[in-house]
Amino acid sequence: MNYIAVDTSGKHLTLIAKKDGKVYEYFDKDCGVNHSVSIMTEMEKLLIRADMRLSDADFFACAVGAGSFTGIRIGVSTVKALCFANKKPVLKITSFDTLAYNIDSGKVLAVIDAKHNGYYVCPYNDKVAGKAEYISGERLSEFKDYAFVSGEEIKGVKTTVVSVLDGFKKAIEEKSEEITGDINALVPLYVRKSQAEENR
């Protein structure tokens with residue numbers, strides 16, 4: 001199973017190329033707002049390291065959010081274009097999957113800091129996802145039976161910091177049955193409206 005995967009849903013930029021059982025990675029933990037500048041350049045470097053062409057991929061995978069609205073759009077539009085140009089299927093992975101799949105079993109709450117005492121959360125029970133929500137900090141207590149996981153330390157919230165890179169790889173491998181030839185199924189996961197939309 002050869003694939004190319006992209007995650008631009010947060011401050012990080014994750015690129016993965018798997019060819020003939022060997023995995024090649026690029027991870028920038030603080031890409032910031034430079035995803036659109038870096039993504040294709042770093043992908044080209046990664047493919048050279050892997051001795052891989054885009055057409056060698058059996059499918060493309062993409063993290064669809066929740067997270068940075070602009071970052072999500074960059075990743076989704078890039079992967080859609082690559083799938084269309086190379087006539088390949090797609091696998092969508094949520095940003096919550098990249099956190100929760102680091103934990104093998106049990107009740108896990110994937111937490112993403114949305115700032116201003118707001119959080120994107122999604123509960124998992126043995127890797128089965130529940131409803132993704134945008135909640136206030138006060139509502140975190142509703143999930144006291146869950147182990148909290150995040151991709152970075154969150155001020156004022158006790159979480160276990162896990163690797164979004166490792167979780168992304170595990171989710172891709174374990175959710176491969178969800179690969180689809182319908183590239184229009186690759187849509188951003190927006191748990192709430194953007195600030196611009198809310199201010200209209």
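Quick notes on the rules
Residues numbered from 1 in each chain as written. Predicted model: local features only at pLDDT ≥ 70, side-chain atom pairs only at ≥ 80, totals over all residues. Heavy atoms only, no water. Pairing = 2+ DSSP bridges. Helix = DSSP H or I, 4+ residues; strand = E, 2+ residues; numbered from the N terminus. Axes fitted to C-alpha atoms, helices over the stretch in contact; angles between N-to-C directions. Contact = heavy atoms within 4.5 Å. Buried < 20%, exposed > 50% of the residue type's maximum accessible area, 1.4 Å probe, protein only. Right-handed = clockwise from strand over helix to strand, strands pointing away. Salt bridge = Lys/Arg side-chain N within 4 Å of Asp/Glu carboxyl O.

A. Seen up close, the sheet that holds strand S3 (residues 22-28). Strand order in this open sheet of 5 strands is S3-S2-S1-S4-S5, and the pairing throughout is mixed. Strands at the two margins of the open sheet, each flanked by one partner only, are S3 and strand S5 (90-93). Each adjacent strand pair in this sheet contributes to an overall mean axis angle of 15°, direction not counted. As defined by bridge partners, strand S1 (residues 3-7) adjoins strand S2 (residues 13-19) across 5 bridges and the pair is classed as antiparallel. What sits directly across from Ile4, in S2, is Ala17. Across the face of the sheet, helix H2 (residues 69-86) comes into contact with S1, strand S4 (59-63) and S5 while running at roughly 170° to S4.

B. Quick peek at unusual backbone geometry. A cis amide bond links Gly65 with the next residue in sequence, Ala66, at an omega value of 10°. As for its placement among the helices and strands, Ala66 is situated in the loop between S4 and H2. In this structure, Lys87 takes a positive phi of about 55° despite not being glycine. Looking at the secondary structure, you find Lys87 in the loop between H2 and S5. Classification of Lys87 by relative accessible area gives exposed; the value is 75%. Even without being a glycine, Asp126 presents a positive backbone phi close to 55°.

C. Structural view of the pairing of S4. When you tally the buried positions in S4, you get 5 out of 5 residues, the bulk of the element. Of the two faces of S4, the one lined by Phe59, Ala61 and Ala63 and the one lined by Phe60 and Cys62 are each fully buried. With 4 bridges connecting them, S1 and S4 associate as parallel partners. Bridge pairing in S4 places Tyr3 opposite Phe59. Considered for its hand, the β-α-β crossover made up of S4, H2 and S5 is right-handed.

D. Expanded view of the pattern of salt bridges. Applying the stated rule across the entire model yields 13 salt bridges. In this structure, Lys169 engages Asp166 in a salt bridge whose closest nitrogen and oxygen atoms are separated by 3.6 Å. Taken together, the residues span about one helical turn, with Lys169 and Asp166 both in helix H4 (residues 164-174) at a distance of 3 residues. On the basis of relative accessible area, Asp166 is assigned to the partly exposed category, the value being 34%. In this structure, a network of salt bridges that share partners links the residues Glu25, Asp166 and Lys169.

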